Every structure is written in structure tokens, then in C-alpha cells.
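Residue strings, one per chain:
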Amino acid sequence: MRTGSRLLLVLLVWGSAAARDGDLTVRATCKPGFSEEDYTAFVSQSIMEGQKLLKVKFNNCAGNKGVRYETNSLDFKVRADGTMYAVHQVQMPSKQLILMVTAWDPQTLGRWEAIIRFLVGEKLQHNGHKPKGRKSIPGELAQQQSDTLLPWRQHQSANGLRRQKRDWVIPPINVPENSRGPFPQQLVRIRSDKDKEIHIRYSITGVGADQPPMEVFSIDPVSGRMYVTRPMDREERASYHLRAHAVDMNGNKVENPIDLYIYVIDMNDNRPEFINQVYNGSVDEGSKPGTYVMTVTANDADDSTTANGMVRYRIVTQTPQSPSQNMFTINSETGDIVTVAAGLDREKVQQYIVIVQATDMEGNLNYGLSNTATAIITVTDVNDNPPEFTTSTYSGEVPENRVEVVVANLTVMDRDQPHSPNWNAIYRIISGDPSGHFTIRTDPVTNEGMVTVVKAVDYEMNRAFMLTVMVSNQAPLASGIQMSFQSTAGVTISVTDVNEAPYFPTNHKLIRLEEGVPTGTVLTTFSAVDPDRFMQQAVRYSKLSDPANWLNINATNGQITTAAVLDRESDYIKNNVYEATFLAADNGIPPASGTGTLQIYLIDINDNAPELLPKEAQICEKPNLNVINITAADADIDPNVGPFVFELPSVPSAVRKNWTITRLNGDYAQLSLRIMYLEAGVYDVPIIVTDSGNPPLYNTSVIKVKVCPCDENGDCTTIGAVAAAGLGTGAIIAILICIIILLTMVLLFVVWMKRREKERHTKQLLIDPEDDVRDNILKYDEEGGGEEDQDYDLSQLQQPETMDHVLNKAPGVRRVDERPIGAEPQYPIRPVIPHPGDIGDFINEGLRAADNDPTAPPYDSLLVFDYEGSGSTAGSVSSLNSSSSGDQDYDYLNDWGPRFKKLADMYGGGEED
């Protein structure tokens, strides 16, 4: 309490004191939560038990199924529809009580909270307000607007002192939405009784004034009249909280701010909207009346606490109207669709289309707004039709000894939904197949039963089968449905006879006998049986596999005889058993054959003498240093093997004189020297080995023993090993000399071959260099007739008469009697004005080109380096004279060497002479 003398007085200007909930309603996409963050309600000081106080509006965008409400007070609870009530009688402790209500969705585990404010309004009848229960109607609006709200009135006490009372709570101001104006429209006038003493300026703050949305409300700063500037939309915002301020001309606060609550009164301006335009549901055929089908939900954006937002449902039409036009009904408040009549049969009607209408104003079709949606109800199948065979008997035929063959197809009819457990057939053989030869498989496409052979039948055992089969569904029949007598049928299966292959009753057949039986001995009769008892057929036998070719078989009766001596020690024997395969074939059409295997177990006899091991050994030339361990190997088996007896023969006498045998056990003995020294060398020592067979066999085996000098460890030395091999020092030296001589001869032969090869590749001229007439200047040491006196064949420098043999040859190096054809760039061209060093280079280049020419002959030949035409203008070298024009300088001939000295003298110095 503040000290002072001012009295705060509250006047209700427009609307009732009843609480209005709602803050901001977003009409866009659905967002889970309360419609308001802060609910306010006016209550009396004393609240009765069960008294409804207010209703919160919550939407989880899923129909609010399962949503639970909780409060943080034990005195108040919230019902499922959002109505808050008192659990017991409550006495309000103060003028204001703030609670917290929580909405909890167990499906999404989401939690939402809102604030509840209870304001005690017992003094609302002061200051000449309307009596309780009177409603405000639009016709009174003009008079209400003339009322003035004096929240800051002052009272004078009897003693002249002023006392300030506690602030009163201003009742909310109600404004109808969608008002047509004119605007601005006055709501209330606020003034202070101090305005008689000083000039006061009034202002309002809050959402709708100086906060978005801006300037929805305005106030005259001088008169204190508050206006609404435009039509209100409750679905856009349901309430406003403003604060009124009074200040002097200097801006100093004159009065404390007063809270103003403005509520927008709802009008029915929104149609119900279904969450979905099309709903899909299902119900089993044959369902009883009252069976739940589905739920449709429509939301109305108007105030759900008024008739504007109270939606009711009804069914407009049902298609088809069979078997009744009213097969379904709908709960007008919840939208639950249930069956109302019996007779749902999927085989007759598989789907119903129901048009549902939602109307607000509690379903009043005259004043309410409506909307429609479509509910598609599918009648689901139940197994109320047992499968039935299309005929009572079926027949089929199967060859004997065949499996996985379909004998007969069983067709059934089922009126339930195809390819569902209520339609899929299962077949069983009730009787007629005790051995399990047949099974019935279901075709997944046609639902037919395929009688299939899974175990071969024998014509000689059963010529026909009479089966009794039964069909049912995967799903059990519905309650009250019995199996039809047409769910069983008979199947007759005939077995046809085929030619079966003969078979050997005992396969593999095993016989035992001693090895070594003579040729032609009868071992056994290996006969086959023909299972075709009703066919007169003959069976003939032949060998199929006889690795050692030891056996013969009688083609008529299957008698087995030996064709050779059976040897247990043969490579064809495995674990003392010899195995052969025989073929038995009948003369049926087509013929059939079977195989049988005969196993012969050979019993060992003592037919192999023991062999001494090892065959070679070495020993020191002095005794007591080492010995030779000997044993024996016998191809026979026990008891025709060891223990063995080892002994030395008496002849020659030197054997027993030089050697001795010491027995170790039944299989081993030791051979050692009897004398103190034996000369190094290789000795053949005969030893007699006898086995323990009955009768025993013996064998005289020879072991080669190398006697050699040994070192202190008892091992043969290198020289001793050589000596023991029988070669002396002289023989070894002779062998080494022979090897050296042989290597020297081989080396000399290789060198000679290389030299000969080199000489063969060296080219030789066909004529002597002095007689070479190819572009050479000859040196004459005597005076004579020149070239005409020489015996030269000048035809080599002339052009041949015919060129055919030349034209037919490939270009390259040519004979001297051939004319060059075409360009031959690989040969150098002689310069017109020669240089003293050009002659040698020219010849070397020509020689190099000829050597590298792959078309040149493999022999030496005269090469044509230049061709001067069909004849020569010069008769001989000696005919050269000074008949030239004299313009040519021949001084360069002096630089060509002594061979050209004669020409140099003749031409170079002719003018001087």
C-alpha cells in the first residue's frame, strides 16, 4: 500500500466482465501449440467444486488424440476438451492467481505450456455498472462509448487527509470483429481527475499501438478518447494488451500506468475445413453393426467456445446404396464413422464412397457454414468362401522310374480376393499314397494343384494309384463357415512300363583268393537281374574296365575266369584289391544296360625273394673304425618277409676270410672287416639273404664296398676316395695332360677358322692393278705405240649392242658390259673440274657404295663409274697432243704424284718448249 489520498475507481465501459481467451491465431500452416500464450479469466472470490473457469484451446495438428493436460496446482485440473475446473471449493487468496497449464502428446513426446491468470472481480458492480447477466448488444454501443473510465479518481477523507487505495483491475474491452465502421471508432475515454488542476497528456503503449501491428488503436492525447482504426480479425489476433499513461506537459508521470485488455469478439466468418479432402478407411466384410470404420476431422478457425466454432458432422450420400442406402452412420461431434447395418459382402460390393458434411453453428444448416469431404471405405476380404474343385475326379499317367513329372493339374474355384491368403490354395493327399510317391504343389499364378512325382514308381510293383486329395486356404475359414464337400476329389494315376536296365544285385562284389592262380581259373559268376519281369529279354555281359587285362567274362552267364596270372605286387593292385567293371545289357527297345564292379582281394604268397640294401657302401681299410649297416627289402607282406637271415657264401673263400656279418635284429645286420688291414679298392661282397616265408626264399645279392684310407674321424680322405676308385697317381696325371692337349687343339682350330673366315671376306681384284684400264692413266717407261700396242680388251669400255638384259635388272652395281639405267644416287658423280685430292676420294666413295649395295653380285667385278658414250674420240693415250685450244691449265697435274709426271711434262710445260 502506498501512502496518499488517491482512490482508484474502475468503470466498465463496453462489454461484459467475462474472460475472453485467445491471443494470436495463425491461419497459415498448422503449428502445434496453444492458441494463446497467456489466458486471462475473471473469477469470484469463492470458487465452487467442479465450477468451469475457462477453456484452453490446443491443437497438435493430428486431431488431439491422446493429448493430456496437466497443471502446476492441485486445486485445478483440465479435461480432455481443454475445460479447466476446480477440483474442490477454492477461496482465492489474492486478487490475482497465476497458474501454468501443460499439454503433453505421448506420441511425439512434445510438451507445450501456457499461462493462466485468474483475476478476482467481486467489485465489478461498483460505479453504476450493469447488473450481472446483462449482455451487451450492438444497439447499446453508442451509449457505452459515452461512458468515461476514471481509473485515477481521488476521494477526500473526513479529516481532510487523502488516502491512496490499491489499484483496481480494469475489465477487458470487447470489440466485435469485421465491424463496418465508420473508422476511427471510439472505444472508451480515459481521464484523470487531476485534469482540473493541470494539463494532462494521455498515451497508450503495447501491441497494436506502438508495437506491430502498428496504430490499430489510437488515443486523443488531450481528451483521452481511445479509438480502433480498422476492422478487427479475431483469427488474426484475438486479444490486445495495452497500457494507458498520463503525464503532464513536461512529460512527468502524473498517474501510474493502467493495463487495458481488449478482446476481439468472434463472428462466424470461417467455414469448417477438413484436414484431408479424401479419407481412406476399411472394414471387414460381414462386420456387425456398430463396427468402427474411420474418423474424419474438420477444423473451424472461429472460436470453439462459441457456436461459431462448434462443428457437427453428417453423411450426405452413400454410393452404392447396396444392400442398404444407410450402411454407415457418423458421430456428429467426433466424426467417427461406424457401420449401422449388416450385409457387407466384398464379393458383391468392394468399395463405398461416402460424402461427409461438416457444419458449424452446432450443425444448424440455416445459419451455419458447411464444407464436405469424401470418405472411401474399402470392404476387406475375409475367408468366407472355401475353395472347391471344379470336378470330382481327375486322371493322369506317368512312366515308371521318372521323378519331378507333373501327372495331373487340379483346378479349383475360390470367390475370395485373388492372390491373398484367403484365396491361395493348399493341397493335401489324404489317402492312396502310403509310400509318398506324389506331392501336390500350388501354381502361384493360376492357383492350380500340380500332382508331381517325387519318388519313382515301379510298374512291376504298382500299375495304378487311386489318390484322394483335399484343398484348403492358407488362412483359416471365417467363424461360422464350414468346408464344402466339393473341397475333396479323387485322382487316378496310371503307371506305364518302360524298359529298365539290368542291375547287379551285389554291387560292389568282393571275392578273396590267393595270388598266382593259373590262367583259366574260374573265379565267380557275376550275373545281373533284369527288372522287367513282364518282358522276355536276354542279358549279355562284357568287360567295361579291366586295367591289367587279367579277367574274362562269359557273355551269356557272367562267369568270370582268369586270363593271366594275378600278381598282388602289380601296380594295378591298390591295398591288395584288384577292381574290374562289367556291363550287362538287355535286348529291349531301346536297349538298356547296367554296370557292376567286381573287387578281388589277393592273398599274398611267398613269391618274391628279398633284395639286399644298400647296393653300395664304403668302409675304412682298418677295422673297428666303422661298419656297414645292411638290411633287406621284400615285395611280399607279412608273414612272407622278415625276420631275415644274412650270411656270407663259402665260395670264394676270400669272402669269409676278409669279411664278417653281425646280426643286429630280425631286419638289420652289420658288415665289417675280419682282417686287420685291407688294401684300398672296390670289392664285390656277395651276401645271401633269406626271408621267413613258407617255404622260405633266398637271394644272393652283391654289395659294392669301397675300401679307403680314413682320417681320425673315420671318414674317407679325398686321395683315399680316388685310390679306392682304382686310379693311381700316374693315371690321374695322364688324364690331366690329355685334357690340356685337347683344349689346346680346340683353341688352335678356332683361331684357324677365324683367320680363314677373314681371308675369305677379303676382296681380290680380277686383274692386276697395273693392268686395270678403268679410268687409269698408265705409266710408260718405254717409247712405243701407246695403247694400240698393248693387248687390252677395249670392248669392255664400249656400249653393248643390246640392252635387254640390262633393262631387266634391278638398279645397283652393274657389270662393265652393262649400261647404267636410270639414276643411281648411291654412286658418286665425278666433278667436271677435278681437284688433286678428288680422285682418291671419288674411288673410295664408289668402293664404299658398292660394298654396301645389297644388289651387287657376290663376286668381284669391274664397276662402271662413268659412261662416256658409244665411242671414244681419242684413239690412244699416246695420241694426245697439244691440239687443245690452250685455254686449259694443266699445271695441277704436277700435284698428282709421280704417276702423272709424264702428263705434267707433256701438257704443263709444252709452251715453254
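Everything that follows concerns the structure shown earlier in this document.
Note that the structure is predicted; figures quoted are calculated from it, not measured. (Residues numbered from 1 in each chain as written. Predicted model: local features only at pLDDT ≥ 70, side-chain atom pairs only at ≥ 80, totals over all residues. Heavy atoms only, no water.)

Q: Please give an account of the sheet that holds strand 13 (residues 173-176) that cites residues and values.
A: Here four strands make up an open sheet; going across it, the order is 13-19-18-15 and the pairing mixed. Looking at strand neighbours, the two that pair on one side only are strand 13 and strand 15 (200-206), the edges of this open sheet. Strand-to-strand, the axes of this sheet are offset by a mean angle of 30°, without reference to chain direction. As defined by bridge partners, strand 18 (residues 239-248) adjoins strand 19 (residues 258-265) across six bridges and the pair is classed as antiparallel. Counted as the bridge partner of Ser239 is Tyr263 from strand 19. (Pairing = 2+ DSSP bridges. Helix = DSSP H or I, 4+ residues; strand = E, 2+ residues; numbered from the N terminus. Axes fitted to C-alpha atoms, helices over the stretch in contact; angles between N-to-C directions.)

Q: Describe the state of the cysteines, listing the residues and the values that go with them.
A: What makes a disulfide is a covalent bond joining the sulfur atoms belonging to two cysteines. This model, assessed by the stated rule, comprises two disulfides. Two residues, Cys620 and Cys710, share a disulfide whose sulfurs are 1.8 Å apart. Taking the sign of the S-S torsion, -105° for the link of Cys620 and Cys710, the bridge is left-handed. Taken together, the residues Cys620 in strand 46 (residues 616-620) and Cys710 in the loop between strand 52 (698-708) and helix 3 (718-724) connect sequence positions 90 residues apart. For Cys620, a relative accessible area of 1% gives the class buried. Residue pairing for Cys708: its cysteine sulfur links by disulfide to Cys716, the two sulfurs lying 1.5 Å apart. The class for Cys708 is buried, based on a relative accessible area of 1%. For Cys716, a relative accessible area of 21% puts it in the partly exposed group. (Disulfide = S-S within 2.5 Å. Buried < 20%, exposed > 50% of the residue type's maximum accessible area, 1.4 Å probe, protein only.)

Q: Hey, could you go over the packing of aromatic side chains for me, with residue numbers and the actual values?
A: Describing an aromatic ring pair means giving the distance of the ring centres and the angle of the ring planes. Here the structure, examined in full by the defined rule, presents 18 aromatic pairs. Seen from their ring centres, Phe58 and Trp112 are 5.2 Å apart, and the 55° between their planes marks the pair as tilted. With Phe58 in strand 5 (residues 58-59) and Trp112 in strand 11 (residues 110-120), this pair connects stretches of sequence that are 54 residues apart. The exposure class assigned to Trp112 is partly exposed, which follows from its relative accessible area of 21%. Ring-pair connections join several aromatic residues into one group, and the members of that group are Phe34, Phe58, Tyr69 and Trp112. The side chain of Arg79 reaches across the aromatic face of Tyr85, ending 4.1 Å from its centre. (Phe/Tyr/Trp six-rings, centres within 6.5 Å; stacked < 30°, edge-to-face > 60°. Lys NZ or Arg CZ within 6 Å of the ring centre and 35° of its normal.)

Q: Can you explain the pairing of strand 8 (residues 83-86)? Please cite residues and give values.
A: Look at any regular strand and the pattern is simple: side chains alternate between the two faces of the sheet. The alternating pattern of strand 8 places Thr83 and Tyr85 and Met84 and Ala86 on opposite faces, both of which are buried. Of the strand pairs in this sheet, strand 4 (residues 52-55) and strand 8 are connected by three bridges, and their pairing is antiparallel. Bridge pairing links Lys55 to Thr83 in strand 8. Taken together, strand 7 (residues 76-78) and the strand that follows it, strand 8, pair antiparallel across an intervening segment of four residues, in which Gly82 is found at a positive phi of about 95°.

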